[in-house]
Amino acid sequence: MDGGRVYLVGAGPGDPGLMTVRGLEVLRRADVVVYDRLVNPALLDEAPPGALRLFAGKRAGDHCLPQEEINARLIEQARRGRSVVRLKGGDPFVFGRGGEEALALAEAGIAFEVVPGVSAAVAAPAYAGIPVTHRGLSSSFAVVTGHEDPAKERADVDWGRLATAVDTLVVLMGAQSLPRIAAELVGHGRSPDTPVALIRWGTTEA
Ligand SMILES: C[S@@+](CC[C@H](N)C(=O)[O-])C[C@H]1O[C@@H](n2cnc3c(N)ncnc32)[C@H](O)[C@@H]1O
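Residues numbered from 1 in each chain as written. Predicted model: local features only at pLDDT ≥ 70, side-chain atom pairs only at ≥ 80, totals over all residues. Heavy atoms only, no water.

Undergrad: What am I meant to see in the sheet that holds strand S2 (residues 32-36) here?
TA: Sheet strands pair by backbone hydrogen bonding; their relative direction is either parallel or antiparallel. The sheet built from five strands is open, its strands ordered S3-S2-S4-S1-S5 with parallel pairing. Lying at the two open borders of the sheet, with one neighbouring strand each, are strand S3 (52-57) and strand S5 (111-115). This sheet shows a mean twist of 20 degrees between the axes of neighbouring strands, independent of strand direction. Here strand S1 (residues 5-10) runs beside strand S4 (residues 83-88); their pairing, made up of six bridges, is parallel. Within S4, the position partnered with Val9 by the bridge is Leu87. Of the strands in this sheet, S1, S2, S3 and S4 are in contact with helix H2 (residues 67-79), which crosses S4 at around 155 degrees. Here helix H3 (residues 98-108) sits on the sheet in contact with S1, S4 and S5, set at roughly 170 degrees to S1. (Pairing = 2+ DSSP bridges. Helix = DSSP H or I, 4+ residues; strand = E, 2+ residues; numbered from the N terminus. Axes fitted to C-alpha atoms, helices over the stretch in contact; angles between N-to-C directions. Contact = heavy atoms within 4.5 Å.)

Undergrad: Sorry if this is basic, but what is going on with H3 here?
TA: Every buried residue belonging to H3 is among Gly98, Glu101, Ala102, Ala104 and Leu105, and all of these are buried. Seen along its axis, H3 keeps its buried residues to an arc of 160 degrees; they face one direction. Exposed and facing more than 90 degrees away from the buried side of H3 are Leu103 and Glu107. Packed against the buried residues of H3 are S1, H2, S4 and S5. Count one or two residues on from H3 and you reach Gly109, which has phi positive near 75 degrees. (Buried < 20%, exposed > 50% of the residue type's maximum accessible area, 1.4 Å probe, protein only. Arc of directions from axis to C-beta.)

Geometric descriptors of this kind do not, in isolation, establish any biological role.
Next up, the structure:
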């Protein structure tokens, strides 16, 4: 094993104050930072001035760097003995492909650490005044992708079952599919009077 190490770090949902203490600690001594579009740029100033900053992209339908390329860069930099922070919006294991990166690092024999983050799935509603659970109103919640890989033969998200099985549904990446998702849910028994909030750039001043 080489001396380098990769940290899969959750940058939180946008407000820099929601990054974890452990995340900041590793960011402040990083040699390399590989970051995504959703990461608040202010956090990049926390890395040492001489640290290499690599933008990995990730806009819906426009991945600046393919996932394999990102994995390869993490491995290459760690093999050079560097401390690499892979900075991702929210939590790295909530629709962040952090699991895939962890697998690639494990297969390559690279030491890594996962630093969880505050997911937008709960923080964006919270800043908008919406608790995802509330006594007497909601005793369960689920976080669901609204954007499944179109290449898949069969959809994994079962909107029919989710419609009535869960109290609060948090849909990430759902803007484009909103009419279809709403129709699926109501068609499978969700009340059409269900309150809905649409939150964009939650926890930020955008
Ligand atoms: C690829 S997912 C990554 C989620 C992230 N790993 C997390 O835990 O928050 C990106 C999607 O999460 C949602 N999202 C992320 N940050 C958000 C924010 N600050 N406000 C509202 N939605 C956000 C949007 O739907 C966005 O397209």
